Amino acid sequence: MDEQITTHLDVEAHLGVSAINAATLFDFVDDIVADGKRIRNGAVARQLAVRQARGGTALGRGVVVPHAAVRRLRSARLIYVRLQTAIDMDTPDHEPVRDALTLLVRYPPSPADHALLERIRDPHMNPVLIDLLRQGLCAEAAARLVNRA
């Protein structure tokens, strides 16, 4: 896919997060994004759970890429979560999940948003992103995604 990714992307990393299942992981992300006004508490967790129920967010090797389009989101956000303890999320390879790269985009998603998701899921880019984010190099990760470097 050669489409240029022009989406503004906010990237953040959270290491050592405690979650016991997908629902508590999604609640953690919701707590980061929801402000109780523009984005209601629980809205992001619900969107992520609905998308997760449809399947297809697991990459394998302990990595998932939950994603959702969220109404009233100001800009695309990538929230990396390194879990303290791996959790079961019914992945095809049956590997417990340790790393979650959660992509949130504005509703409705644009072609650039879809291209961004594919870039995050790319088997060559994904390990690079995780390595950068584990080191706290969020700006570098964002630049690599947006500029396709």
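Residues numbered from 1 in each chain as written. Predicted model: local features only at pLDDT ≥ 70, side-chain atom pairs only at ≥ 80, totals over all residues. Heavy atoms only, no water.

Chemist: If you had to explain the overall build of the chain to someone new, which residues and values would you point to?
Modeler: Across its full length, the chain holds 5 helices and 6 strands. Ordered by position from N to C terminus, the α and β elements of the chain give β-α-α-β-β-β-β-β-α-α-α. Its C-alpha radius of gyration of 14 Å places the chain within 12% of the 15 Å reference for a compact globule of 149 residues. Residues counted as buried form 47% of the 149 residues belonging to the chain. By sequence separation, contacts in the chain at least 24 residues apart represent 70% of the contacts at least 6 residues apart. Looking at the chain as shown, the accessible area adds up to about 7800 Å², and 48% of this sits on carbon and sulfur atoms. Between the centroid of the 19 positive side chains of the chain and the centroid of its 18 negative side chains there is a distance of 6 Å. (Helix = DSSP H or I, 4+ residues; strand = E, 2+ residues; numbered from the N terminus. Rg over C-alpha atoms; globule rule 2.2 N^0.38 Å. Buried < 20%, exposed > 50% of the residue type's maximum accessible area, 1.4 Å probe, protein only. Contact = heavy atoms within 4.5 Å. Areas by Shrake-Rupley, 256 points an atom, 1.4 Å probe, with all protein chains shown as cover. Lys, Arg positive; Asp, Glu negative; His and termini not counted. Charge placed at Lys NZ, Arg CZ, Asp CG, Glu CD.)

Chemist: Tell me about unusual backbone geometry, residues and numbers included.
Modeler: Most peptide bonds adopt trans geometry, and most residues besides glycine take a negative phi value. The residue after Y107, namely P108, is reached through a cis peptide bond having omega -5°. Relative to the assigned elements, P108 resides in the loop between β6 (97-106) and α3 (111-121). Unlike most non-glycine residues, H94 shows phi in positive territory, near 65°. If you trace the backbone, H94 turns up in the loop between β5 (76-87) and β6.

Chemist: Just give me the short version of the environment of V44, but keep the residues and values in it.
Modeler: By the secondary structure assignment, V44 is in helix α2 (residues 43-53). Residue class for V44 comes out buried when judged on its relative accessible area of 0%. For the pair V44 and V70, spaced 26 residues apart in sequence, the C-alpha separation works out to 6.8 Å. For V44, the contacting residues outside a window of four places in its chain are V29, D30, V33, I39, V70 and L104.

Chemist: Could you give me a rundown of the side chain of D30, with the residues and numbers involved?
Modeler: Here D30 shows up in helix α1 (residues 22-33). As a buried residue without a salt bridge, D30 has its nearest oppositely charged side chain in R46, at a separation of 6.7 Å. Among the polar contacts made by the side chain of D30, one reaches the main-chain amide nitrogen of A45 at a distance of 3.0 Å. Those residues in contact with D30 that sit more than four places away from it in its chain are R40, N41, G42, A43, V44 and A45. (Salt bridge = Lys/Arg side-chain N within 4 Å of Asp/Glu carboxyl O. Polar contact = N/O pair within 3.5 Å; in protein donor to acceptor, adjacent residues only side chain to side chain.)

Chemist: Which residues make up the pairing of strand β4 (residues 67-70), and what values do they have?
Modeler: When a strand is regular, its side chains alternate between the sheet's two faces. Where burial is concerned, the two faces of β4 agree: the one with H67 and A69 and the one with A68 and V70 are both buried. In this structure, β4 lies alongside β6, joined through 4 bridges in parallel fashion. Its bridge partner lying in β6, A68 is registered against L104. (Pairing = 2+ DSSP bridges.)

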